[in-house]
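# Structural features, examined
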Amino acid sequence: MTEKRLKIAVQKSGRLSDATLDILKRCGLRINQSKNKLITHVKNMPIDILFVRDDDIPGLVMEGVVDLGFVGDNIMQEVSLQRAKFGEQAEFVKLIALDYGHCRLSIATTEEQNYTSIQDLSGCRIATSYPYSLGRYLEEQGVSAKIVHLTGSVEVAPRAGLADAICDLVSTGVTLEANGLREDEVILRSAATLVRRPTIENEALKQLVDRLIVRINGVMQAKESKYIMLHAPKNQVDAIINLLPGAEKPTILPLAGSDDQVAIHAVSTETVFWETMESLKQLGGSSILVLPIEKMME
Ligand code: PRT
Ligand code: ZN
């Protein structure tokens, strides 16, 4: 019997593609990416990567066509609501909240409008690519408005006279500003997420998913963490350790040829700022090194 392979759906080309492939590669998957191929077989693990449009990922996961998917919470929510409305299977398991793809789904009106609350939008037309998420929000707020479904260029709808307001993704806010719009309500905060089909029966695939989860968490933790090394006077060790952000159980080593100095090695789980390094120096620290960490496993 041929070995079962884990199928992972990844956005083919878009805002999540590079970061997703980067994480997978850091997890040790050898991926030979060929842009035009729908599917790539990972060389060193029983994994196949499917490159698809992000909008297709929730359905593929919910139907069990793929085992895992990397996709934005925004798309998961929208497709879930849509499928639930049509009585289709909308189950999935969120495994990891990832550290990229951050954005918010927001309602915006033109700068000329005098917006005070969502109730102001009663009877208005709101253009969006997220009709189900917006529809649910309006319903929760008891607002009856007309939803104009557009699949692109939502931000120009008010100027084009197609709508009074929009509901779209925002990250920096530059697009809204460039179109004379003001962000009034955030209806969803979103980031990229790793999702799994409702059930995986195959024991080997289940274990592979567990291993991947440990590795992905390790990659994310490593990105935030730093390895700090410095020389310090013995009598300042406690004060110095107190200064190291998020450092647990540092290693203290004797320094060759020195009775009053030691070397301190520690993993810091937070950013190490220049200010921290300056304070370390003031306490007598020297030869201070802050190094990136490639991988971590607890
Ligand atoms: O082709 P495919 O369907 O796969 O891609 P797509 O064009 O539908 O999606 P893509 O690649 O644009 O976005 C993929 C995912 O990235 C989204 O589903 C979100 O989860 C996430 N993401 C994060 C964003 C943004 N930030 C974002 N700013 N997706 C879109 N935008 C757009 C937004 O729609 C608006 O047009 O960027 C503009 C606003 O950006 P700012 O920085 O000007 O506020
Ligand atoms: Zn899309």
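Residues numbered from 1 in each chain as written. Chains lettered and ligands numbered in written order. Predicted model: local features only at pLDDT ≥ 70, side-chain atom pairs only at ≥ 80, totals over all residues. Heavy atoms only, no water.

### A look at the sheet that holds strand β10 (residues 181-190)
- One open sheet holds the five strands; their spatial order is β8-β7-β9-β6-β10, and the pairing between them is mixed. On the outer flanks of this sheet lie β8 (146-149) and β10, each paired with one strand and no other. Adjacent strand axes in the sheet meet at a mean angle of 25 degrees when their direction is disregarded.
- Across six bridges, strand β6 (residues 103-110) lies against strand β9 (residues 165-170) in antiparallel orientation. Residue pairing for β9: S106 is matched across the bridge by D168.
- Across the sheet, helix α4 (residues 131-141) touches β6, β7 (125-128), β8, β9 and β10, and the angle it forms with β8 is around 170 degrees. (Pairing = 2+ DSSP bridges. Helix = DSSP H or I, 4+ residues; strand = E, 2+ residues; numbered from the N terminus. Axes fitted to C-alpha atoms, helices over the stretch in contact; angles between N-to-C directions. Contact = heavy atoms within 4.5 Å.)

### Thoughts on the domain arrangement of the protein chain
- Taken domain by domain, the protein chain holds domain 1 (6-101 + 192-222), domain 2 (103-189) and domain 3 (225-292).
- Domain 2 and domain 3 are separated by 50 Å when their C-alpha centres are compared. (Domains from an automatic or database assignment.)

### A closer look at the coordination of the zinc ion (ligand 2)
- Only D54 (OD) and D55 (OD) from the protein reach the zinc ion (ligand 2) as donors, at distances of 2.0 to 2.1 Å.
- Considering all four donor atoms around the zinc ion (ligand 2), the spread of angles at the metal, 74 to 171 degrees, places the coordination shape in the irregular class.
- A relative accessible area of 19% places D54 in the buried class.
- By relative accessible area, which is 36% here, D55 ends up partly exposed. (Donors = N, O, S within 2.8 Å, 3.2 Å for Na, K, Ca; no water. Tetrahedral: all angles 85-135°; square planar, octahedral: opposite > 155°, others 65-115°. Buried < 20%, exposed > 50% of the residue type's maximum accessible area, 1.4 Å probe, protein only.)

### Some thoughts on the nonpolar core
- Within the largest apolar cluster, 31 residues are counted, with the highest numbers of intra-cluster contacts made by L6, I8, L29, I47, I49, F70 and L98.
- Of all the secondary structure elements, the ones that give two or more residues to this core are β1 (6-11), α1 (17-26), β3 (47-52), β4 (68-72), β11 (192-196) and α6 (203-224).
- With eight residues, the top contributor of residues to this core is α6.
- Setting aside residues no more than four positions away along its own chain, I8 makes contact with L24, I47, D48, I49, L50, L68, F70 and L212.
- Judged by nonpolar contacts, the second largest core, of 29 residues, contains A9, M62, L105 and V195. (Core = buried A, V, L, I, M, F, W, Y, C linked by side-chain atoms within 4.5 Å.)

### Quick notes on the packing of helix α3 (residues 73-85) against α4
- Where α3 contacts α4, the two axes come as close as 7 Å, and the packing angle between them is 80 degrees. By the angle class used here, α3 and α4 are roughly perpendicular. Where α3 abuts α4, its residues Q77, E78, L81, Q82 and K85 lie against P131, Y132, S133 and R136.
- Residue classes in the contact of α3 with α4 are distributed as three nonpolar, three polar and three charged. (Parallel < 35°, antiparallel > 145°, perpendicular 65-115°, else oblique. Nonpolar A, V, L, I, M, F, W, Y, C, P; charged D, E, K, R; others polar.)

### Observations regarding the sheet that holds β3
- Across the sheet, which stays open at both edges, the six strands sit in the order β2-β3-β1-β4-β11-β5 with mixed pairing between neighbours. Because the sheet does not close on itself, it has two edges, and the strands there are β2 (39-41) and β5 (93-97). Neighbour-to-neighbour, the strand axes of this sheet turn through a mean angle of 25 degrees, independent of strand direction.
- In this sheet, β3 lies alongside β1 in parallel orientation, the contact comprising six bridges.

### Some remarks on the pairing of β11
- Within β11, four of the five residues are buried, which leaves the element mostly enclosed by the surrounding structure.
- In this structure, β4 lies alongside β11, joined through five bridges in antiparallel fashion. By the bridge assignment for β11, F70 is matched with L194.
- Note that β5 and β11 share four bridges and pair antiparallel. Looking at the pairing, A97 lines up with T193 of β11.

### Structural notes on the site of ligand 1
- Taken together, 21 residues sit near ligand 1, with R53, D55, N74, T172 and T175 positioned nearest.
- R15 is positioned such that a nitrogen or oxygen atom in its side chain is 2.8 Å from an oxygen atom of ligand 1.
- Measuring from an oxygen atom of ligand 1, one finds a side-chain N or O atom of D54 at 2.8 Å.
- Within the complex, the protein chains bury 78% of what would otherwise be the 830 Å² of accessible surface of ligand 1.
- At the level of elements, α3, β9 and α5 (174-178) are the ones that each hand at least two residues to the shell around ligand 1.
- At three residues, the largest contribution of residues to the shell around ligand 1 is made by β9.
- Formed jointly, the shell around ligand 1 draws a minimum of three residues from each of two domains, domain 1 (6-101 + 192-222) and domain 2 (103-189). (Near = heavy atom within 4 Å. Polar contact = N/O pair within 3.5 Å; in protein donor to acceptor, adjacent residues only side chain to side chain. Areas by Shrake-Rupley, 256 points an atom, 1.4 Å probe, with all protein chains shown as cover.)

### Re unusual backbone geometry
- Look at S153: it is not a glycine, yet its phi comes out positive at around 50 degrees.
- Unusually for a residue other than glycine, S287 sits at a positive phi of about 50 degrees.
- Mapped onto the elements, S287 comes out in strand β15 (residues 286-292).

### As for the state of the cysteines
- Counted under the stated rule, the structure contains zero disulfides.
- The thiol of C124 is unpaired, and the distance to the nearest cysteine sulfur, on C167, comes to 14 Å.
- Just so you know, C167 is unpaired, no disulfide at all, and the nearest cysteine sulfur is the one on C103, 11 Å from it. (Disulfide = S-S within 2.5 Å.)

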